[in-house]
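# Descriptive analysis of the structure
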Amino acid sequence: MKNVSSLPENYREIYSVDLQKNKKTAVLINGLALVIAAVFAVPAHFYVPVTTLFDMKNGLGAYTVRFAVLLLGMIAYIILHELVHGVAMKACGTKKIKYGFTGLYAFAGSEDYYDKKSYITIALAPIVVWGIVIAVVTALVPREWFWVVYFIQLCNLSGAAGDLFVTLKFSRLPDDILVHDNGVGMTVYSAK
């Protein structure tokens, strides 16, 4: 995997996306997130009905604990998702990573430029890593905890809609692309 700290002279901008500024793309990605969540939630409901999340047979205390764990788990997941992006950036050779939250999106970014393969790896790393980890945990928890863990998995799958969007978009671009991801926006450069 490869990164460079400065753009080669013969490269020019061929594409950019900034979800803070481009509302049309932001709506598209958020719509994609909802579709992904539905595609994975509906079949799971037939496996374990979502009503089990609201089951109070073990009392109000157990019910409250499940919801507290769900809330804390979702917050932890957002942080861990961005940390995995950062670890992948480090694996590409990035020295300094910046993390942040815009009010709508959490992000990991840098001033480096990544080749196509590296950037797609960085984009997909959290969905793969956490997808596997959360799937294992989901399989191991008792039935009344299934939806607590599975909602975190739904956050993993649907929350990566932006990562999936750029992966599909960038995979169609020339092989020589270099991607600059400052955290809230990406600019793609090519010599072609």
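Quick caveat, the model's predicted, so the values are computed rather than measured. (Residues numbered from 1 in each chain as written. Predicted model: local features only at pLDDT ≥ 70, side-chain atom pairs only at ≥ 80, totals over all residues. Heavy atoms only, no water.)

### Some details on the nonpolar core
Definition in use: Buried Ala, Val, Leu, Ile, Met, Phe, Trp, Tyr and Cys residues that are joined via side-chain atoms within 4.5 Å together make up what is termed a nonpolar core. Each residue's exposure class comes from its accessible area (1.4 Å probe, protein chains only) as a fraction of the maximum for that residue type: buried when under 20%, exposed when over 50%, partly exposed otherwise. Under the DSSP-based scheme used, a helix requires at least four consecutive residues in state H or I and a strand at least two consecutive residues in state E, with every element numbered from the N terminus. Whether two residues touch is decided by their heavy atoms; if any such pair falls within 4.5 Å, the residues are in contact.
Membership of the largest hydrophobic core comes to 44 residues, with the highest contact counts inside it found for Tyr119, Trp147, Val166, Phe170, Val179, Met186 and Val188. Elements with a minimum of two residues in this core: strand E2 (12-18), helix H1 (23-47), helix H2 (60-91), helix H3 (116-140), helix H4 (146-159), helix H5 (161-171) and strand E7 (185-190). Of the residues forming this core, the biggest block, eight residues, is contributed by H4. For Val166, the contacting residues outside a window of four places in its chain are Val17, Tyr119, Ala123, Ser171 and Met186.

### Observations regarding the layout of surface pockets
Note the following rule: Definitions used throughout: a 1 Å grid over protein atoms alone; a cavity as a set of points that fits a 1.4 Å probe which cannot get out; a pocket as an open set with protein on both sides within 12 Å along at least five of seven lines; a lining residue as one with an atom within 4 Å of a point. Grid points are joined across faces, edges and corners, and a volume is the space filled by probe spheres set on the points. Each residue gets one of three labels, nonpolar for Ala, Val, Leu, Ile, Met, Phe, Trp, Tyr, Cys and Pro, charged for Asp, Glu, Lys and Arg, and polar for the others, Gly among them.
Roughly 870 Å³ of volume is contained in the largest pocket. Forming the walls of the largest pocket are 37 residues, and the residues nearest its centre are Glu82, Leu104, Tyr105, Ala106 and Gly159. Secondary structure elements with two or more residues in the lining of the largest pocket: H1, H2, strand E4 (106-109), H3, H4, H5 and E7. Looking at the lining of the largest pocket element by element, the count peaks at seven residues for H2. Each residue belonging to the lining of the largest pocket can be placed in one class, and the counts come to 24 nonpolar, ten polar and three charged.

### So, H2
The line we're drawing: Between the first and last residue of a helix there are one fewer steps than residues, each counted as 1.5 Å, and that sum is the expected span.
For H2, with 32 residues, the first-to-last C-alpha span of 46 Å sits near the 46 Å given by 1.5 Å per residue. Buried within H2 we find Arg66, Leu70, Gly73, Tyr77, His81, Glu82, Val84, His85, Gly86, Ala88 and Met89. Where H2 is buried, its residues meet strand E3 (98-101), E4, strand E5 (113-115), H3, H4 and H5. Directly beyond the C-terminal end of H2, a positive phi value near 105° is found at Gly93.

### Some details on H1
Given 3.6 residues per turn, any residue in an α-helix points the same way as the ones three and four places further on. Definition in use: N or O atoms within 3.5 Å of each other form a polar contact, as long as, within protein, one can give a hydrogen and the other can take it, and as long as residues adjacent in sequence are counted only when both atoms are side-chain atoms.
Between its first and last C-alpha atoms H1 spans 36 Å; for 25 residues at 1.5 Å apiece the expected length is 36 Å, and the two agree. Structurally, H1 contributes buried residues whose contacts are with E2, H4 and H5. Here H1 starts with a cap whose side-chain oxygen sits 3.3 Å from the backbone nitrogen of Lys24, and that cap is Asn22.

### Some thoughts on the pattern of salt bridges
Short version of the rule: Salt bridges, as used here, are contacts in which a Lys or Arg side-chain nitrogen is within 4 Å of a carboxyl oxygen on Asp or Glu.
Evaluation of the coordinates by the stated rule reveals two salt bridges. Measuring nitrogen to oxygen at the nearest pair gives 3.4 Å for the salt bridge that ties Glu111 to Lys98. Placement of Glu111 in the loop between E4 and E5 and of Lys98 in strand E3 is noted, with a sequence separation of 13 residues between them. Overall, Lys98 belongs to the partly exposed group, its relative accessible area being 33%. Among the salt bridges present, the one from Asp175 reaches Lys116, with a minimum N-O distance of 3.2 Å. Separated by 59 residues along the polypeptide, Asp175 in the loop between H5 and strand E6 (178-181) and Lys116 in helix H3 bring together distant segments of the chain. Using a relative accessible area of 11% as the deciding quantity, one classes Lys116 as buried.

### Focus: the packing of aromatic side chains
Aromatic rings considered in pairs are described by the distance between their centres and by the relative angle of their planes. Quick note on the threshold: For this analysis, a ring pair means two rings from Phe, Tyr or Trp (six-membered ring only for Trp) whose centres lie within 6.5 Å, classed as stacked if their planes differ by under 30 degrees, edge-to-face if by over 60, and tilted for the remaining angles.
For the coordinates displayed, the defined rule picks out nine aromatic pairs. Each ring, one from Tyr113 and one from Tyr189, has its centre 5.8 Å from the other, and the planes form 70°; the classification is edge-to-face. Taken together, the positions of Tyr113 in strand E5 and Tyr189 in strand E7 put the pair 76 residues apart, joining distant regions of the chain. Side by side, Tyr113 and Tyr189 carry an identical accessibility label, which is buried. Where Trp147 meets Tyr150, the ring centres are 5.5 Å apart and the plane angle is 90°; that geometry is what we call edge-to-face. Within this pair, Trp147 and its partner Tyr150 are both found in helix H4, separated by three residues, close to a single helical turn. Here Trp147 matches Tyr150 in class, with each residue buried. Connected via pairs of aromatic rings, a cluster forms that spans Tyr47, Phe146, Trp147, Tyr150 and Phe151.

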